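Commentary on secondary and tertiary structure
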Amino acid sequence: MLDSYRLFAIGASWGGFESLVLPTTNTITRSIEPAFPSLVGPTARFHVGLEEVEDLKADLRRGIDVLKAFDNGGK
């Protein structure tokens, strides 16, 4: 999924303007309770930059389609 993105680069945000995504392993410590405590498994953190909104949405759709295909065994 993450490798299919064209606008979202893999990396942590240092306050820049570009869109980034960071794969995580549910080990992020939070000072508040998680919003969805029942969700488990790999996660990704997104930093949305200043690219065109429609381009960002298309990039996210592409990644979701890749994830769905993987989840369906490539069908």
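This text follows the structure it describes.
Here's a quick rundown of the structure. (Residues numbered from 1 in each chain as written. Predicted model: local features only at pLDDT ≥ 70, side-chain atom pairs only at ≥ 80, totals over all residues. Heavy atoms only, no water.)

Observations regarding a nonpolar patch on the surface
Definition in use: Residues form patches when they are more than 30% accessible in relative terms and have no salt bridge. Like charges link within 9 Å. Nonpolar side chains (Val, Leu, Ile, Met, Phe, Trp, Tyr) link within 5 Å. For the accessible areas, the method is Shrake-Rupley and the probe is 1.4 Å, while residue cover comes only from the protein chains on display. For this document, the term salt bridge refers to a Lys or Arg side-chain nitrogen within 4 Å of an Asp or Glu carboxyl oxygen. Numbered from the N terminus, helices here are DSSP runs of H or I no shorter than four residues, and strands are runs of E no shorter than two.
A cluster of nonpolar residues, Met1, Phe46, Val48, Ile64, Val66, Leu67 and Phe70, forms a patch on the protein surface that exposes about 630 Å² of accessible area. Residue contributions to the nonpolar patch peak at four residues, all from helix H1 (residues 53-71). Along the chain, the position of phenylalanine 46 falls in strand E3 (residues 43-47).

Overview of the sheet that holds E3
Just so we agree on the cut-off: When DSSP finds two or more bridges between two strands, those strands count as paired.
Across the sheet, which stays open at both edges, the three strands sit in the order E1-E2-E3 with mixed pairing between neighbours. Strands with a single pairing partner mark the edges of an open sheet, and in this sheet they are strand E1 (9-10) and E3. Note: strand E2 (residues 20-24) against E3, five bridges, orientation antiparallel. Looking at the pairing, leucine 22 lines up with arginine 45 of E3.

Here's the deal with the pattern of salt bridges
Two side chains that carry opposite charge are able to pair once their charged atoms sit near each other. Threshold: Remark: exposure states derive from per-residue accessible area (1.4 Å probe, protein chains only) relative to the maximum for the residue type, with buried under 20%, exposed over 50%, and partly exposed in between.
Throughout the structure, instances matching the rule amount to two salt bridges. A salt bridge links glutamate 54 to lysine 57; its shortest N-O distance comes to 3.3 Å. Separated by three residues within a single helix, glutamate 54 and lysine 57 lie in helix H1, roughly one turn from each other. Among the residues examined, lysine 57 registers a relative accessible area of 35% and is labelled partly exposed.

Section: the packing of aromatic side chains
Going by this rule: Ring pairs are drawn from Phe, Tyr and Trp, using the six-membered ring of Trp, whenever the two centres fall within 6.5 Å, and their geometry is named by plane angle: stacked under 30 degrees, edge-to-face over 60, tilted for the rest.
In the structure shown here, the tally under the stated rule is three aromatic pairs. For the ring pair tyrosine 5 and phenylalanine 46, a centre distance of 6.1 Å and an interplane angle of 80° mean the geometry is edge-to-face. Of this pair, tyrosine 5 sits in the segment before E1 while phenylalanine 46 sits in strand E3, and the two are 41 residues apart along the sequence.

As far as function goes, none of this settles anything; it's purely spatial.
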